[in-house]
Amino acid sequence: MQSKVARGLVREATSYMLDYSTQEDDLRGAFEAFGKVSSAKIIIDKATGRSKGFGFVEMPEDGEAQTAIDKLNETELNGKVIVVKKAKPKDATSTRSGGGSRYGRGGGGYNREGNY
């Protein structure tokens, strides 16, 4: 299956500084004022179940997406000024390092046997 990015079909905006009470329908509604919205997603912290204060919106039309970004950036949504930017595509070659070693031995911390 060919990726959306490879076909050039993703017109995605990232919304930052969202109020923690903002719902996906709120985000969708703000962007729908400028055109069709394919999806709206608020990012949720898995540990707390609470919004992380940012989300993503996909719109099928480039022009509508750019207009939404331009018009919504630095405007108020649910009582908070938001920042809206074009989403950066995921780089398939980048990796995230979360500690540990490439040999799977974990990383940092202390000696479990009490020897520091």
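Here, every reference points to the structure presented above.
A quick note: this is a predicted structure, and the numbers were derived from the prediction, not measured.

About the criteria used
Residues numbered from 1 in each chain as written. Predicted model: local features only at pLDDT ≥ 70, side-chain atom pairs only at ≥ 80, totals over all residues. Heavy atoms only, no water. Helix = DSSP H or I, 4+ residues; strand = E, 2+ residues; numbered from the N terminus. Buried < 20%, exposed > 50% of the residue type's maximum accessible area, 1.4 Å probe, protein only. Contact = heavy atoms within 4.5 Å. Areas by Shrake-Rupley, 256 points an atom, 1.4 Å probe, with all protein chains shown as cover. Arc of directions from axis to C-beta. Phe/Tyr/Trp six-rings, centres within 6.5 Å; stacked < 30°, edge-to-face > 60°. Pairing = 2+ DSSP bridges. Axes fitted to C-alpha atoms, helices over the stretch in contact; angles between N-to-C directions.

Undergrad: Can you lay out the overall build of the chain for me, pointing to particular residues and giving the numbers?
TA: In terms of helices and strands, the chain carries three helices and six strands. For the chain, the succession of helices and strands along the chain, N to C, is α-β-α-β-β-α-β-β-β. By the burial criterion, 23% of the 116 residues in the chain qualify as buried. For the chain, restricting intrachain contacts to residue pairs at least 6 apart in sequence, the fraction spanning at least 24 positions comes to 58%. When the accessible surface of the chain is summed, it comes to about 8800 Å², and 47% of that surface belongs to carbon and sulfur atoms.

Undergrad: Residue-level account of helix 3 (residues 62-72), with values.
TA: Along helix 3, the residues classified as buried are Ala-65, Ala-68, Ile-69 and Leu-72. The buried residues of helix 3 all sit within an arc of 100° when viewed along its axis, so they share a single face. With respect to the buried face of helix 3, the exposed residues turned more than 90 degrees away are Asp-70 and Lys-71. Elements that come into contact with the buried residues of helix 3 comprise strand 1 (12-16), helix 2 (24-32) and strand 6 (83-86).

Undergrad: Pulling in residues and values, what's your account of the packing of aromatic side chains?
TA: To describe a pair of aromatic rings, you give the distance between the ring centres and the angle between the ring planes. Summed over the entire model, instances satisfying the criterion amount to two aromatic pairs. With a centroid separation of 5.9 Å and 85° between ring planes, the pair formed by Phe-54 and Phe-56 is classed as edge-to-face. Judged by relative accessible area, Phe-54 falls into the partly exposed class, the value being 23%. The class of Phe-56 is partly exposed, set by a relative accessible area of 26%. An aromatic cluster is defined as three or more aromatic residues linked by ring pairs; in this entry it consists of Tyr-16, Phe-54 and Phe-56.

Undergrad: Summarise the pairing of strand 1; cite the residues concerned and give the values.
TA: Note that strand 1 and strand 3 (residues 51-58) share four bridges and pair antiparallel. The residue of strand 3 that forms the bridge with Ser-15 is Gly-55. Examined bridge by bridge, strand 1 and strand 6 share four bridges and lie antiparallel to one another. The partner of Ser-15 across the bridge, within strand 6, is Val-84.

Undergrad: Lay out the sheet that holds strand 3 with the relevant residues and their values.
TA: Judged by pairing direction, the sheet is antiparallel, and its four strands sit side by side in the order 2-3-1-6 without closing on themselves. Taken across any chain shown, the strands that pair with only one partner, and hence form the sheet edges, are strand 2 (39-44) and strand 6. Neighbour-to-neighbour, the strand axes of this sheet turn through a mean angle of 20°, independent of strand direction. As defined by bridge partners, strand 2 adjoins strand 3 across five bridges and the pair is classed as antiparallel. From the neighbouring strand, Ile-42 faces strand 3, where its bridge partner is Gly-55. Contacting strand 1, strand 2, strand 3 and strand 6, helix 2 runs over the sheet at an angle of about 140° to strand 2.

All we've got here are geometric facts, nothing functional implied.
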